[in-house]
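Structural overview for review
Below, each chain spelled out in residue letters.
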Amino acid sequence: MNKLLRPIPYPVGSASRRLAIARIMRNSNRPYRDAVTLVSAVNHRARNTPSRGEKCAAMTRQGTACQCKALSNGRCKLHGGLSTGPKTNEGKLVSTANLPY
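Figured I'd write up the structure that's included with this text. (Residues numbered from 1 in each chain as written. Predicted model: local features only at pLDDT ≥ 70, side-chain atom pairs only at ≥ 80, totals over all residues. Heavy atoms only, no water.)

1. Here's the deal with the packing of helix α1 (residues 15–28) against helix α2 (residues 32–48)
Two quantities define a packed helix pair, namely the angle between the helix axes and the distance between the axes. Inclusion rule: Orientation is described by axes fitted as lines to C-alpha atoms, over the contacting stretch for helices, and by angles from 0 to 180 degrees between their N-to-C directions. Elements are defined by DSSP. Helices are runs of H or I of four residues or more, strands are runs of E of two residues or more, and each kind is numbered from the N terminus. In this scheme, roughly parallel covers angles under 35 degrees and roughly antiparallel covers those over 145, while 65 to 115 is roughly perpendicular and the rest are oblique. Take the far helix as your reference; a near helix turned counterclockwise from it by less than a right angle gives a left-handed crossing, and one turned clockwise gives a right-handed crossing. Throughout, a residue-residue contact means that at least one pair of heavy atoms, one from each residue, lies within 4.5 Å. The nonpolar class holds Ala, Val, Leu, Ile, Met, Phe, Trp, Tyr, Cys and Pro. Asp, Glu, Lys and Arg form the charged class, and all remaining residues, Gly among them, are polar.
Taken N-terminus to C-terminus, the directions of α1 and α2 make an angle of 125°; their axes are 9 Å apart at the nearest point. Here α1 lies oblique to α2, going by the angle between them. Seen along the crossing, α1 lies across α2 with a hand that is right-handed. On α2, the residues touching Arg 17, Ala 20, Ile 21, Ile 24 and Met 25 of α1 are Tyr 32, Ala 35, Val 36, Leu 38, Val 39, Ser 40 and Asn 43. The class makeup of the residues in the contact of α1 with α2 is nine nonpolar, two polar and one charged.

Below you can see the structure in the form of structure tokens.
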């Protein structure tokens, strides 16, 4: 998984980046610094989100790369993608105590 080669929507110095910054400043009356921060956040998300069909970055016990489809964090559901929730009674009590009412 090579994150550095992933395309980003607004490369630094490009016309599309300048237009996006100008559009944000014009439509929301934000200062330049905030508009640049928003555009940078979009680029960061695009750089770190796995592309469609990308494989999990984990290694199996055999030393080969996992062949499962990656979720948004770059790992598959078997290697840290989804939480299975609390298993013990103590953990279940803690999670129910943290629910918003």
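Now that the structure is up, let's keep going.
2. Details of α1
Applicable threshold: Each residue after the first adds 1.5 Å to the expected span of a helix.
Here α1 spans 20 Å end to end across 14 residues, near enough to the 20 Å set by a 1.5 Å rise per residue. Its buried side turned inward, α1 meets α2. After α1 finishes, the residue Asn 29 shows a positive phi value of roughly 55°.

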